[in-house]
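Working through the structure, step by step
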Amino acid sequence: MITRAGWGLAASSVLVYAVGAPLGYAQAAVLAVAGLAAVGAGALWTLRGVSLEVRREVTPVKVTRGEPAIAVLHVRNAGRWRHSGLVARDTCRDTTVSVEVPALAGNTTRTVSYRLPTRRRGETPVGPLLLDRGDPFGLARRSVAYGRADLLLVRPRTVPLPPPHAGRQRHLDGLAARSAPAGTSGFNGLREYVVGDDLRHVHWRSTARTGILMVKELTDVNLPSTVTVLDTRTSSYEGDDEFELAVDVAASAACAVTRDRFPVRVFTGAGELVHAKGGEDEEVLDRLALVRRSDAAEPPAHALRLAGAGGSLVLVSGTYAALAGAAAVRRRFDQVLFVRVGPASPGGVPRAEGVTVIEVGDLGELAALWPR
């Protein structure tokens, strides 16, 4: 492919000949031929076959929004001839990243690395990788695609928070929801006995039937539960920045629960997004990485109807219009938190009976205002 500089030289050569030849300047023809010959030689240079082996690695494949992600490019010249003028171009969403590859002697390998943009949350295709090979004068360039596109998952940011109080009774083992059935444990299934298991939990009927010592697996039915609802209606936010902050807040609230090894259910305007058990914050972040605003999203009241009762409720929105929905269900939960994201409201933070209302303009404010 002829570059802009090559087309410029070709056009200049034709212009010199068109002006100088009728006036009898022999040098004009010489200059025109030399210019066109240079462009042709550059094109032939890039058409020459090359033996390049190209491999790209993206690390890490999952990254928090704004944190660095690196692409490492390995280029090997499997031929005997030296190659120079190589430029690698990678496409990351709507951004093109270009990096020059140092000259490669025969049978040598070069490794270069470059940062990938992580400003936008979501599943980001990286590539395909294009390797441009130009002539020494920059008059022509040939692009060859190598490999396939890789996927980089940009996840929401979080700040460490204490889990919300999910019950009114406190136990030594944690908080208990009012909706929990009597007792502290319930039957969850059977498994094979392992050394150290309490023999009082042996299920003798299954042991006799299978010939293998089986024990009952119990689960704590009083584990505090938390419901996090993210308002995904387009009309609830003034722009992308506000919505990204809302996703960060919802991720922080949900991960505060799972990192304390308690379950959490996350809802959006499309319904239940994830039901994570304790310690599964990775799944929460992966799912929230893909959330988008939508004109067709249901209001938070729809998610609240699906959320059941008991434990804590965290509702995140960009408008105080959603506060009424949180107030309407306050009796179904032990604690209700409403977080409104965006610039400070001119009328101040409104109050709602039985609801803790928080207003944050950036993620750093959340930890200071979060109830303890």
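On a predicted model such as this, the values are computed, not experimentally measured, just so you know. Throughout this document, residue positions are counted from 1 along each chain, in the order its sequence is written. In view of the model being predicted, local features appear only for residues whose pLDDT reaches at least 70, and side-chain atom pairs are presented and counted only at 80 or more, with totals across whole chains, interfaces and linings using the full set of residues. Here the side-chain values reflect all heavy atoms present in the structure, with hydrogen atoms and water set aside.

**Thoughts on the layout of surface pockets**
Buriedness for pockets is judged along seven lines, at least five of which must meet protein on both sides within 12 Å for an open set on the 1 Å grid over protein atoms alone, while cavities are sets there where a 1.4 Å probe fits but cannot get out, and lining residues have an atom within 4 Å of a point. Grid points are joined across faces, edges and corners, and a volume is the space filled by probe spheres set on the points. The space that makes up the second largest pocket amounts to roughly 270 Å³. In terms of lining, the second largest pocket is formed by Arg 65, Arg 93, Arg 119, Arg 120, Arg 121, Asp 240, Asp 241, Phe 243, Glu 244, Arg 292 and Arg 293. Its residues assigned to classes, the lining of the second largest pocket comprises one nonpolar, no polar and 10 charged. Three classes are used: nonpolar for Ala, Val, Leu, Ile, Met, Phe, Trp, Tyr, Cys and Pro, charged for Asp, Glu, Lys and Arg, and polar for all others, with Gly counted as polar.

**Focus on the pairing of strand β16 (residues 264-268)**
When accessible area is computed with a 1.4 Å probe and restricted to protein chains, residues below 20% of their type maximum are described as buried, those above 50% as exposed, and intermediate ones as partly exposed. In DSSP terms, a helix is any run of H or I states spanning at least four residues, a strand is any run of E spanning at least two, and both are numbered starting from the N terminus. Buried residues dominate β16, accounting for four of its five residues. DSSP-based pairing: two strands are paired if at least 2 bridges between them are found. In terms of strand pairing, strand β15 (residues 226-230) meets β16 through four bridges, oriented parallel. Along β16, the bridge assignment pairs Thr 228 with Val 266. Handedness of a crossover: with both strands directed away from the viewer, a clockwise path from the first strand across the helix to the second marks it as right-handed. Remark: the β15/helix α4 (residues 240-258)/β16 crossover connection has right-handed handedness. In this structure, the hairpin formed by β16 and strand β17 (residues 271-276) is closed by a connection of two residues.

**Remarks on unusual backbone geometry**
For the bond running from Thr 59 to Pro 60, omega is -10°, close enough to zero to count as cis. Of note, the amide linkage connecting Gly 127 to Pro 128 takes the cis form, showing an omega dihedral of 5°. By the element assignment, Pro 128 lies in the loop between β7 (122-126) and β8 (129-134). If you check the backbone angles, Asn 107 has positive phi at about 60° while not being a glycine. With a phi angle near 65°, Arg 261 is a residue other than glycine that sits in the positive phi range. With respect to the helices and strands, Arg 261 occurs in the loop between α4 and β16.

**Things to note about helix α5 (residues 281-288)**
For the α-helix, the turn length of 3.6 residues means that residues three or four positions removed from each other point alike. Residues of α5 that are buried include every one of Asp 281, Val 284, Leu 285, Asp 286 and Leu 288, and no others. The inward-facing, buried residues of α5 contact β2 (62-64), β10 (150-155), β15, α4, β16 and β17. For this analysis, residues touch if any pair of their heavy atoms sits within 4.5 Å.

**Notes on the sheet that holds strand β3 (residues 69-77)**
Read across the open sheet, the three strands follow the order β1-β3-β6; overall the sheet is antiparallel. Unpaired on one side and paired on the other, β1 (52-59) and β6 (108-116) mark the two borders of the sheet. Looking at each pair of strands side by side, their axes are set apart by 15° on average, direction ignored. In this structure, β1 lies alongside β3, joined through eight bridges in antiparallel fashion. The residue of β3 that forms the bridge with Leu 52 is Asn 77. To obtain an axis, a line is fitted to C-alpha atoms, over the contacting stretch when the element is a helix, and the angle between two such axes runs from 0 to 180 degrees between their N-to-C directions.

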